[in-house]
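Coordinate analysis (summary)
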Amino acid sequence: MSNDTGLSFCGDDIKKNDYDRYLTCLFAKDDTVRENLFALYAFNQEIAKTAEVVSEPLTGMIRLQWWRESIEGIFEGKPRKHLVVEALARAVKDHGLKCEKLDEFINAREFDLENTVPQNLVSLERYVRKTSAELLSLATDITIEKCEQDKEASKVLGQVCRSMGIAWGLLGIIRATPFYAAKKRIYLPQDLINQHGLNTSTLFELKSSPELCEISKVLTEAVKKHLSMARSFSGKIPKQAKSPLLLGVLADQYIKRLESNNYDPFDVSLHRPKSSATWKLMWANICSRY
C-alpha cells in the first residue's frame, strides 16, 4: 500500500518518525531490500513507542505481548491483518529473520516500562545493545544473504553491529534527553548523575545545565569509542551489508554539533541531520565507508 508520497505505509512512517534510518534505507541495494528495511524499522517504531502510548506498565506489557503473538503468527504462516505485521512477515520470508531475535528485541523494551534509571554506563550500554544494536543486526540480516558469509565473517559483522548499534543508541539517549525529561523519565546513568551533581528537578523543568552537559560529554566520548571500534573492521564487511551502518556518517554530524555547543542535549540542531547529510551518505556509500 502506498500513499501520496509515493512511499509504502512503512516507508512513510519511517520518513516521518525515524528520518535518520530512512536516509540510510535510500542506499539499500534494491527496492525489495529497502521495503523490508522499512518494515523492520516500522516494527521498531511500534515497539519503541510502547511506553509513550500507554498510561500504565500493565497496559504496556499487554501491548508487547500482542506483538509477541503477532511474531508467532508470522512464523506460523498466519500474520495478523496489520500493515506493519504484514510487511514484517514479507521481510521474514524474504530473508529468514529469526523468531528468537525478534522476540528478544521485544523483551528488551520491557525496561522502558519499569521507569528505572540505569545504574551506570555499563547498564546503559547493555540496554542499547539489546535494542539499537540488535535492530542493526536484524537490518544486516536483511541486506546480506547468509550464504555469502562464512562463520568468521558473520562473527565480525556481529561485532560491528554491536559497536555501531551501541554508539547510535547512546547518541540517541543524548539527543532524546529533552523528550524523556518532558515525560519525567531519565536514561542517563545514575552514577554519572551523582558524580556530576545533576539536579533532576532542573532537568524536568526542561532546562539545560553545566552538569547535564558534562554527562553528555562523557556519553559522547563513549559514542566515539564504539564508532572507532565499528570502523576498525570496515575492510572485512561486505559492501551490501553497509547501508544500515551508514548511521555512522550521521553520528559524526551529531557529534560535531555536540562538540560545538558544549555538549548541550537541548540544542534543537540535534533533532534532524544537516541538509548536506544525503551527499555525505552518498559519498560514504561510493567509498564503501560508514
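The preceding data block contains the structure.
This section reports on the structure supplied with the text. (Residues numbered from 1 in each chain as written. Predicted model: local features only at pLDDT ≥ 70, side-chain atom pairs only at ≥ 80, totals over all residues. Heavy atoms only, no water.)

Some remarks on a nonpolar patch on the surface
What counts here: Patch membership is restricted to residues that have no salt bridge and whose relative accessible area is over 30%. Joining uses 9 Å for like charges and 5 Å for the nonpolar side chains Val, Leu, Ile, Met, Phe, Trp and Tyr. Each accessible area is a Shrake-Rupley result for a 1.4 Å probe, and residues are judged covered by the shown protein chains and nothing else. The rule for a salt bridge is simple: a side-chain nitrogen of Lys or Arg has to be within 4 Å of a carboxyl oxygen of Asp or Glu. Put simply, DSSP H or I for four residues or longer makes a helix, DSSP E for two residues or longer makes a strand, and each gets a number counted from the N terminus. Buried, partly exposed and exposed residues are distinguished by accessible area as a fraction of the type maximum, computed with a 1.4 Å probe on protein chains only: under 20%, between the cut-offs, and over 50%, respectively.
The grouping of Trp-279, Met-282, Trp-283 and Ile-286 at the surface amounts to a nonpolar patch, some 510 Å² of accessible area in total. Position of Ile-286 relative to the elements: it lies in helix 16 (residues 277–286). Overall, the relative accessible area of 57% leaves Ile-286 in the exposed class.

Comments concerning helix 14 (residues 210–231)
Test applied: By this rule, a helix spans an expected 1.5 Å times one less than how many residues it contains. Contact between two residues is taken to exist if any of their heavy atoms lie within 4.5 Å; hydrogens are not considered.
For helix 14, which comprises 22 residues, the first-to-last C-alpha distance of 31 Å matches the rise-based estimate of 32 Å (1.5 Å per residue) to within 8%. Among all positions in helix 14, only Leu-212, Cys-213, Ile-215, Ser-216, Leu-219, Thr-220, Ala-222, Val-223, His-226, Leu-227 and Ala-230 are buried. Contacts from the buried residues of helix 14 go to helix 9 (121–143), helix 10 (151–175), helix 11 (177–182), helix 12 (190–196), helix 13 (200–204) and helix 15 (247–260).

What about a positive patch on the surface?
Just so we agree on the cut-off: Within this scheme the basic residues Lys and Arg register as positive and the acidic residues Asp and Glu register as negative, but His and the chain ends are omitted. Where a charge sits is defined by one atom per residue type, namely NZ (Lys), CZ (Arg), CG (Asp) or CD (Glu).
A surface patch of like charges, here positive, comprises Arg-126, Arg-129, Lys-130 and Arg-162. The element contributing the most residues to the positive patch is helix 9, with three residues. Within the secondary structure, Arg-129 sits in helix 9.

Section: the pattern of salt bridges
Applying the stated rule across the entire model yields 15 salt bridges. Its salt-bridge partner being Arg-80, residue Glu-69 comes within 3.1 Å of it at the nearest N-O pair. With Glu-69 in helix 5 (residues 57–75) and Arg-80 in the loop between helix 5 and helix 6 (83–95), this pair connects stretches of sequence that are eleven residues apart. On the accessibility criterion, Arg-80 (28% relative accessible area) is partly exposed. Note that Lys-224 and Glu-259 form a salt bridge whose closest N and O atoms lie 3.0 Å from each other. With a gap of 35 residues between them, Lys-224 in helix 14 and Glu-259 in helix 15 connect regions that are remote in the sequence. Through salt bridges with shared partners, a single ionic network connects Glu-46, Lys-49 and Arg-63.

Details of empty space enclosed by the protein
Selection rule: Points on a 1 Å grid over protein atoms alone make up a cavity when a 1.4 Å probe fits among them but cannot get out, and a pocket when they form an open set with protein on both sides within 12 Å along at least five of seven lines; lining residues each have an atom within 4 Å of a point. Grid points are joined across faces, edges and corners, and a volume is the space filled by probe spheres set on the points. Any residue outside Ala, Val, Leu, Ile, Met, Phe, Trp, Tyr, Cys, Pro, Asp, Glu, Lys and Arg is labelled polar, Gly included; the first ten of those are nonpolar and the last four are charged.
Considering all chains together, one arrives at one cavity of 30 Å³ or more under this definition. The computed volume of the largest cavity comes to approximately 40 Å³. Surrounding the largest cavity, Ile-173, Thr-177, Tyr-180, Ala-181, Arg-185, Ile-186, Tyr-187, Leu-188 and Leu-203 form its lining. If you tally residues by element for the lining of the largest cavity, the top one is helix 11, at three residues. Here the residues of the lining of the largest cavity are counted per class, giving seven nonpolar, one polar and one charged.

Brief notes about helix 16
What counts is decided by this rule: The arc refers to the directions leading from the helix axis to the C-beta atoms.
Within helix 16 the residues assigned to the buried category are Ala-277, Leu-281 and Ala-284. Axial view of helix 16: buried residues confined to an arc of 65 degrees, hence all on one face. For helix 16, exposure combined with an orientation more than 90 degrees from the buried face picks out Trp-279, Trp-283 and Ile-286. Its buried side turned inward, helix 16 meets helix 2 (19–25) and helix 15.

A few points about the layout of surface pockets
Considering only enclosed or pocket space, the largest pocket measures out at about 960 Å³ in volume. Along the walls of the largest pocket sit 34 residues, with Asn-17, Gln-45, Gly-172, Ala-176 and Tyr-180 positioned nearest its centre. The set of elements that each furnish at least two residues to the lining of the largest pocket consists of helix 1 (9–17), helix 2, helix 3 (31–48), helix 9, helix 10 and helix 11. When its residues are assigned to classes, the lining of the largest pocket shows 15 nonpolar, eight polar and eleven charged. Looking at the second largest pocket, its volume works out to about 270 Å³. Lining the second largest pocket, in full, are Arg-231, Ser-234, Val-249, Asp-252, Gln-253, Lys-256, Lys-274, Lys-280, Trp-283, Ala-284, Arg-289 and Tyr-290. At the level of secondary structure, the elements contributing two or more residues to the lining of the second largest pocket comprise helix 15 and helix 16. The element contributing the most residues to the lining of the second largest pocket is helix 15, with four residues. Residue composition of the lining of the second largest pocket, grouped by class: four nonpolar, two polar and six charged.

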